[in-house]
Amino acid sequence: MNILGIIASSKFGDAGDFESIATTTVGSGGSATITFSSIPATYTHLQIRAISRKASAGGGDGIFIRLNSDSGSNYARHQIDGDGSSVSADGAASQTQINSTTTATSSHSANVFGVQIWDILDYANTNKYKTMRLMNGFDNNGSGKLRYGSGLWMNTNAITQIDLTGNGDNFAQYSSFALYGIRSA
Amino acid sequence: MPITYEPIATTTLGSAAATVTFSSIPGTYTDLILIGAFSCSAATGTAFNLNGDTGGNYSYTGLEGNGSSAFSGRNSNATNTGWTYDTTSNGQVNGIAQFNNYSNTTTYKTLLTRFNTPGTQTGASVNLWRSTSAITTIAIATGSGNFNSGSTFTLYGIKAA
């Protein structure tokens, strides 16, 4: 069974194959950073599933991802976007974080939230750089964006921490981020 | 260890039908995932109607490629979402739809979908349902014709800690 490209075990659905690790839901005051820390290395892949909205719009519609608090220029990304009228592609190397996510902001209608599903593959392997696939978007009834993205972290360390920020904007109340671990046989 | 990702219901058609409905969906999960492997008797799209809402409360932004070009389109104030589209009749279609935080009652619902129609095109869309109601019913419908016998749809639930 193929779930967004991840090959799940034939035991898919059994206890322990796809486990909830942690969930953060933003409260009324908003939140500048969402952090998943002390991520155990006991899974094969990670998946983050979210709904999100930014409480302001000064930082644009992006969500930035940083791994293990590495603020060096060790990240790269590529993406393809559809905005309802045209298709565009973009990429960037030597970045200080992965910016390949789009979401709703305060400039969109009330109650509109973006959706994100991010797959972080072989995250605990210490012999390879880490890659992730990012599917995300929002629709605002007349505007919106769908994005397929990929991210690279040029580091062989196991990922133990994931920080998410709104490029200077807080995440709005009710934004919710859930981290899951996926096991292989 | 509690089961985090589990099947809720599966429908495999024994005869052609224009609509497949999952109803009485419990609010006990965090996200829903719907997977379909089907064919339609006509060249047509498929779409979701949620909780029986037939008002113009849906919209989508889509991205598709057909082997020679890529394009993006949208629909606003529509009476259902978008999901799949096949330019041929009786071709096999695979689709997946993600309903994140489907049972919260404070936000509009946004869906991410993907589909493949081998030999014709592949695509994805982000859909908005302008309702804060928890999703309890998902009706899957063709734009024209029927889902053929043997078409199968499975609804899964994911539960966060």
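Residues numbered from 1 in each chain as written. Chains lettered and ligands numbered in written order. Predicted model: local features only at pLDDT ≥ 70, side-chain atom pairs only at ≥ 80, totals over all residues.

1. Quick word on the overall build of chain A
A tally of helices and strands in chain A yields zero helices and 14 strands. Counting from the amino terminus, chain A carries its helices and strands in the arrangement β-β-β-β-β-β-β-β-β-β-β-β-β-β. Taking 185 residues into account, the globule formula puts the C-alpha radius of gyration at 16 Å, and chain A, at 16 Å, falls close to it. For chain A, the C-alpha atoms occupy an extent of roughly 45 × 35 × 35 Å along the three principal directions. Buried positions account for 45% of the 185 residues belonging to chain A. (Helix = DSSP H or I, 4+ residues; strand = E, 2+ residues; numbered from the N terminus. Rg over C-alpha atoms; globule rule 2.2 N^0.38 Å. Buried ≥ 20, exposed ≤ 12 C-beta atoms within 10 Å, placed from the backbone.)

2. So, the interface of chain A and chain B
At the junction of the two partners, chain A supplies 37 residues and chain B supplies 41 residues. When contributions to the side of chain A that touches chain B are tallied by element, the ones reaching two or more residues are β3 (18-25), β5 (45-52), β10 (114-121), β11 (130-139), β12 (144-153) and β14 (176-182) of chain A. Tallying contributions element by element places β3 of chain A first for the side of chain A that touches chain B, with five residues. Its residues assigned to classes, the side of chain A that touches chain B shows 17 nonpolar, 15 polar and five charged. (Contact = placed C-beta atoms within 7 Å. Nonpolar A, V, L, I, M, F, W, Y, C, P; charged D, E, K, R; others polar.)

3. Here we look at the environment of Y5 of chain B
Residue and element names in this part refer to chain B. Along the chain, Y5 falls in strand β1 (residues 5-12). For Y5, a count of 23 C-beta atoms within 10 Å gives the class buried. In this structure, the C-alpha to C-alpha distance between Y5 and E64, residues 59 residues apart in sequence, is 29 Å.

4. Remarks on the environment of D53 of chain B
Residues and elements named next belong to chain B. Along the chain, the position of D53 falls in the loop between β4 (45-50) and β5 (58-65). Look at D53 and you get partly exposed, because 17 C-beta atoms sit within 10 Å. A C-alpha to C-alpha distance of 9.5 Å links D53 and W129, two positions 76 residues apart in sequence.

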